[in-house]
Amino acid sequence: MKPKHLKNILAALGILAAGYSSYAQKAPKKFIDPANMDLTVKPGNDFYEYASGTWIRNNPVPAKETRWGSFNELRDFNINAVKSVVEEASVDKSAPAGSAKKRTGDFYAAAMDSLTIEKLGYTPIKPDLARIKKVKDLQGILNEATYMRTSGIASPMFGFGVEQDRKNVTKYLPSMVQGGTTLPDRDYYLKDDSRSLKIREAYITYMTTLFTLTGSSAGEAAQKANTVLAMEKSLAEAQMPRLEMRDPYKTYNKFTVAAFTATTPNINWAVTLSELQVHGQDTLLVSAPKFFVALDGMLKSVPVANWKIYLEWSVLKGAAGNLSSPFVKANFAFTQTQTGQKIETPRWQRMSSLTDNAIGELLGQLYVAKYFKPEAKARMTELIKNMRAAFEIRIKGLDWMSDATKEKALAKLHAFVPKIGYPDKWKTYEGLTIARNAYFQNLRNVGAWEYKDMISHLGKPADRTRFGMTPPTVNAYYSATMNEIVFPAGILQFPFFAPDADDAVNYGGIGAVIGHEMSHGFDDSGSQYDKDGNLRNWWTNEDRTKFEARTKALGEQFDNYTVLDSIHVNGKLTMGENIGDLGGMNVAYTAFKLTKQGQSNETIDGFTPDQRFFLSWAQVWRGNILPQSAAQLIKTDPHSPGEFRTIGAQVNMDAWYKAFDVKPGDKLYKKPEDRIRMW
């Protein structure tokens, strides 16, 4: 799921890149179906093809999608569930005023009123564009940028949020992060390979189109587009690379407000914080101080006229997908170039997703009441208990870790807080106005409400009750500062979980997901936080060195996987997720072997219990992806492609070799001494 505010960006290490939702469906008769496999392939040569080859050939990417796999089937099925909830709410005239049903229904009804949206054109943003035109000087630029942020319009120049102090997680602090760009990664501005050049060209076209649609002449629009691109390139040059941002110490820089202001003479942060409605805070966190020094220099060197164009673009890009069809079509054309998606996602689907993203805990209440079964939560509680016990067994049995570090690791494991399904206390969205006939204003109201909700946490104890994902989401995450593992209701179904499935299927699916999220607490980044969530070393130097040797080997393994032509998986960028998979699979297997089925040799549909365990994980990651999307995700997604998540952990597990009789000479074979053993 795409996080909305900084608070969700910092620690939500999900099982997949962008989760959406689903609801309980009737479980298939065969939880491991040989009809989806290619049994002509030797598992030790290509386990991905063996486990999923027939399914992959029979399920190309639909025109409205950029990839298609088990997750997408689940999301597609679920978005129809969300649709049923929002449509039912939108036509219920008896829903009480102020109720979750009434507010959800009104929001969705307004979003689906395309006739009104078409008539308005770009009228909803005309006041914003007029206000920017009146700006006269640099202070006016800064004031407007602040207004845009607090009003839910856009977040120009940099990112701002409220986060836990990573070295004192009981407190929240204002946090400044690098930002100000539009393209998915800084490399798209700085590299001149054919793909980057094509995307920059499409970006210029997109900007030119939107500037033209809002009244600029063709020549003026082209000039504006080139101005924005040049400014964003400068901001990209100042940004810390994505890999460096994975280091929690590099991004932890605490300043007094006065000291930070001294580094940026053109920005008085005491004044800016006040305008950001932040009061009584004398300290803040800065993820990339050099970025703000560079931004400060640009405020002086770039003409005010150019900054006005930049702010104008900030309004346009934030609104384009929510205006009339010429704007929406231009937005999609740019998306097509980046992802390869062939046709636009249907409006009902986009608006159902938007409703979940905007007011997810209003929609979530309706979703949970209709689709979430209490027995799923009870079964998950049991599974988490078993997985924690298995993780404890594995930590105690590590031959590379000292007793001193094991003691601290076990303390952290025991301190994990699981959250299942949905929050115990729902957001009320008090003060948020939702009107049935004001789609665009509803979005602005949500943005402003979310901003106020975010800063309201300053000065209060850390709120450990919140969920970082909405209940319908098919995903899960670990938060390092909360030391919590979270499983929204949407993921608790097949192929991850089914109440009537055998243990092999459930442990190879949701069990491995639970283990994955637990293992994030012990990955290359999460392992730097203690049991309370504080960024603090709890390792002996010798143990840390041994751990890093293992992470290096795992990185090299994934570096050797080829995605497209000469494009390889980035073993360092995907390190945390790869450790999550390796740890998760090993812990899940240990837990599975404690069950009655795990200790038997009884076959089901011709497969042994161990084979079913590994095949369950494999079917989760089967899928197809468009080449454009694959190339983009290699740059931006910390998860490895599904093909390599299918095999990345298994080739390091002795049990997999035994289950499928993998021997020397097979393409996936690794010598026992070369197999990476971590958690």
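Residues numbered from 1 in each chain as written. Predicted model: local features only at pLDDT ≥ 70, side-chain atom pairs only at ≥ 80, totals over all residues. Heavy atoms only, no water.

1. Regarding the overall build of the protein
Regarding its fold elements, the protein presents 26 helices and eleven strands. In terms of overall dimensions, the protein is globule-like: its C-alpha atoms have a radius of gyration of 25 Å, near the 26 Å expected for 679 residues. Each of the three principal axes of the protein carries a C-alpha extent, and together these read 75 × 55 × 50 Å. Considering the protein as a whole, with its 679 residues, one finds that 59% of them fall into the buried category. When contacts within the protein are restricted to residue pairs at least 6 apart in sequence, long-range pairs at least 24 apart make up 75% of them. Of the roughly 27,100 Å² that the protein leaves accessible, carbon and sulfur atoms contribute 53%. (Helix = DSSP H or I, 4+ residues; strand = E, 2+ residues; numbered from the N terminus. Rg over C-alpha atoms; globule rule 2.2 N^0.38 Å. Buried < 20%, exposed > 50% of the residue type's maximum accessible area, 1.4 Å probe, protein only. Contact = heavy atoms within 4.5 Å. Areas by Shrake-Rupley, 256 points an atom, 1.4 Å probe, with all protein chains shown as cover.)

2. Brief notes about the layout of surface pockets
What the second largest pocket holds in volume is close to 640 Å³. Together, 33 residues line the second largest pocket, and R67, I625, P641, G642 and E643 are the ones closest to its centre. Going through the elements one at a time, β1 (67-69), α3 (70-91), β9 (562-564), β11 (623-625), α24 (627-636) and α25 (642-648) are the ones with two or more residues in the lining of the second largest pocket. Among the residues making up the lining of the second largest pocket, the classes are represented as 16 nonpolar, eleven polar and six charged. (1 Å grid on protein atoms, 1.4 Å probe; cavity = no way out; pocket = protein on both sides within 12 Å on 5 of 7 lines; lining within 4 Å. Points joined across faces, edges and corners; volume = space filled by probe spheres on them. Nonpolar A, V, L, I, M, F, W, Y, C, P; charged D, E, K, R; others polar.)

3. Side note on the pattern of salt bridges
It is possible for side chains of opposite charge to pair when their charged atoms get near one another. In total, this model carries 42 salt bridges according to the counting rule given. For the salt bridge of K30 with D605, the shortest nitrogen-to-oxygen distance reads 3.1 Å. Taken together, the positions of K30 in the loop between α1 (6-9) and α2 (47-58) and D605 in the loop between α22 (575-592) and α23 (609-620) put the pair 575 residues apart, joining distant regions of the chain. In this structure, the salt-bridge partner of K102 is D106, at a minimum N-O distance of 3.5 Å. Here D106 and K102 lie together in helix α4 (residues 100-111), a separation of four residues that amounts to about one turn. The network of salt bridges with common partners includes E88, D92, K101 and K370. (Salt bridge = Lys/Arg side-chain N within 4 Å of Asp/Glu carboxyl O.)

4. Comments concerning the packing of aromatic side chains
Per the stated rule, a full pass over the model turns up 50 aromatic pairs. Seen in terms of ring centroids, Y203 and F334 are 5.5 Å apart; in terms of plane orientation they differ by 25°. Their pairing is stacked. Here Y203, found in helix α9 (residues 194-213), pairs with F334, found in helix α15 (residues 325-339); they are 131 residues apart in sequence, far enough to count as distant. Judged by its relative accessible area of 0%, Y203 falls in the buried class. Given the relative accessible area of 7%, F334 is considered buried. (Phe/Tyr/Trp six-rings, centres within 6.5 Å; stacked < 30°, edge-to-face > 60°.)

5. Side note on the packing of α9 against helix α10 (residues 218-238)
Taken N-terminus to C-terminus, the directions of α9 and α10 make an angle of 130°; their axes are 8 Å apart at the nearest point. In terms of orientation, α9 lies oblique with respect to α10. Regarding α9 and α10, the two cross each other, and that crossing is right-handed. In contact with R200, Y203, I204, M207, T208, F211 and T212 of α9, α10 contributes A221, A222, K224, A225, N226, V228, L229 and E232. In terms of residue class, the contact of α9 with α10 is built from nine nonpolar, three polar and three charged. (Axes fitted to C-alpha atoms, helices over the stretch in contact; angles between N-to-C directions. Parallel < 35°, antiparallel > 145°, perpendicular 65-115°, else oblique. Left-handed = near helix turned anticlockwise from the far one by under 90°.)

6. Examining the sheet that holds strand β7 (residues 477-479)
Taken in spatial order, the three strands make up an open sheet running β6-β8-β7, and their pairing is mixed. Either end of the sheet is taken by a strand with one partner, and the two such strands are β6 (417-421) and β7. Within the sheet, the average angular offset between the axes of one strand and its neighbour, ignoring direction, is 20°. Taken together, the five bridges between β6 and strand β8 (residues 484-488) define a ladder with parallel strand orientation. (Pairing = 2+ DSSP bridges.)

7. Some words on helix α19 (residues 439-455)
In a regular helix each residue adds 1.5 Å, so 17 residues correspond to 24 Å; α19 covers 25 Å between its end C-alpha atoms and thus fits that length. Along α19, 15 of the 17 residues are buried, which leaves the element largely enclosed by surrounding structure. (Expected span 1.5 Å × (residues − 1).)

8. Concerning empty space enclosed by the protein
The final tally for this structure, using the stated rule, is two cavities of 30 Å³ or more. By volume, the second largest cavity amounts to about 50 Å³. Around the second largest cavity, the lining residues are I32, D33, N36, M37, A51, L615, Q619 and R622.

9. Observations concerning the nonpolar core
F614 and W679 are the most contacted members of the largest nonpolar core, which totals 124 residues. No other element matches helix α16 (residues 347-371), which puts ten residues into this core. Apart from the residues within four sequence positions on either side, W679 is in contact with F391, R394, I395, L398, W400, M401, F522, W539, F547, I579, G583 and N586. Membership of the second largest hydrophobic core comes to 73 residues, among which are M176, F211, M454 and M482. (Core = buried A, V, L, I, M, F, W, Y, C linked by side-chain atoms within 4.5 Å.)

10. Considerations on α9
For an α-helix, 3.6 residues make a turn, and residues three or four places apart therefore share a direction. Spanning 20 residues, α9 covers 29 Å between terminal C-alpha atoms, matching the ideal 28 Å at 1.5 Å per step. Of the surrounding elements, those touching the buried residues of α9 are α8 (187-190), α10, α14 (304-319), α15 and α24. Once α9 finishes, G215 follows within two positions and takes phi at roughly 110°, a positive value.

11. Observations concerning the sheet that holds strand β4 (residues 254-256)
Within the open sheet, the four strands sit side by side as β2-β3-β5-β4. Their pairing is mixed. Of all strands in the sheet, those bounded by a partner on one side alone are β2 (158-165) and β4. This sheet shows a mean twist of 35° between the axes of neighbouring strands, independent of strand direction. Two strands pair when backbone bridges link them, and β2 and strand β3 (residues 168-178) are joined in this way by eight bridges, in the antiparallel orientation. By the bridge assignment, V162 is partnered in β3 with P174. On top of the sheet, helix α13 (residues 289-301) reaches β2, β3, β4 and β5 (283-286); it is set at about 40° to β3, its chief contact.

12. A look at the confidence of the model for the protein
On average, residues of the protein carry a pLDDT of 95, and 96% of them reach 70 or more. Long-range and interchain partners of residues 19-28, a stretch whose pLDDT sits below 50, account for 47 contacts in this model, where long-range means more than four residues apart. (pLDDT = per-residue confidence, 0-100.)

13. Re the environment of P471
Residue placement: P471 occurs in the loop between α19 and β7. Classification of P471 as buried rests on a relative accessible area of 0%. Along the chain, P471 and P488 lie 17 residues apart, while their C-alpha atoms are 4.9 Å from each other. Ignoring sequence-local partners within four residues, the contact set of P471 consists of G360, G364, Y367, V368, G421, Y422, P423, W426, P488, A489 and G490.

14. Here we look at unusual backbone geometry
Across the junction of F494 and P495, the peptide omega takes the value 10°, indicating a cis bond. Secondary-structure assignment places P495 in the loop between β8 and α20 (503-520). Of note, Q277 is a non-glycine position whose phi angle comes to about 70°, a positive value. Inspection of the secondary structure assignment puts Q277 in the loop between α12 (269-275) and β5. Non-glycine residue D661 carries a positive phi angle of around 55°. Residue position: D661 is located in the segment after α26 (654-659).

15. Quick word on the side chain of T272
Relative to the elements of secondary structure, T272 occurs in helix α12. The exposure class of T272 is buried, given its relative accessible area of 11%. When sequence neighbours within four positions are dropped, the list of residues in contact with T272 reads T146 and I267.

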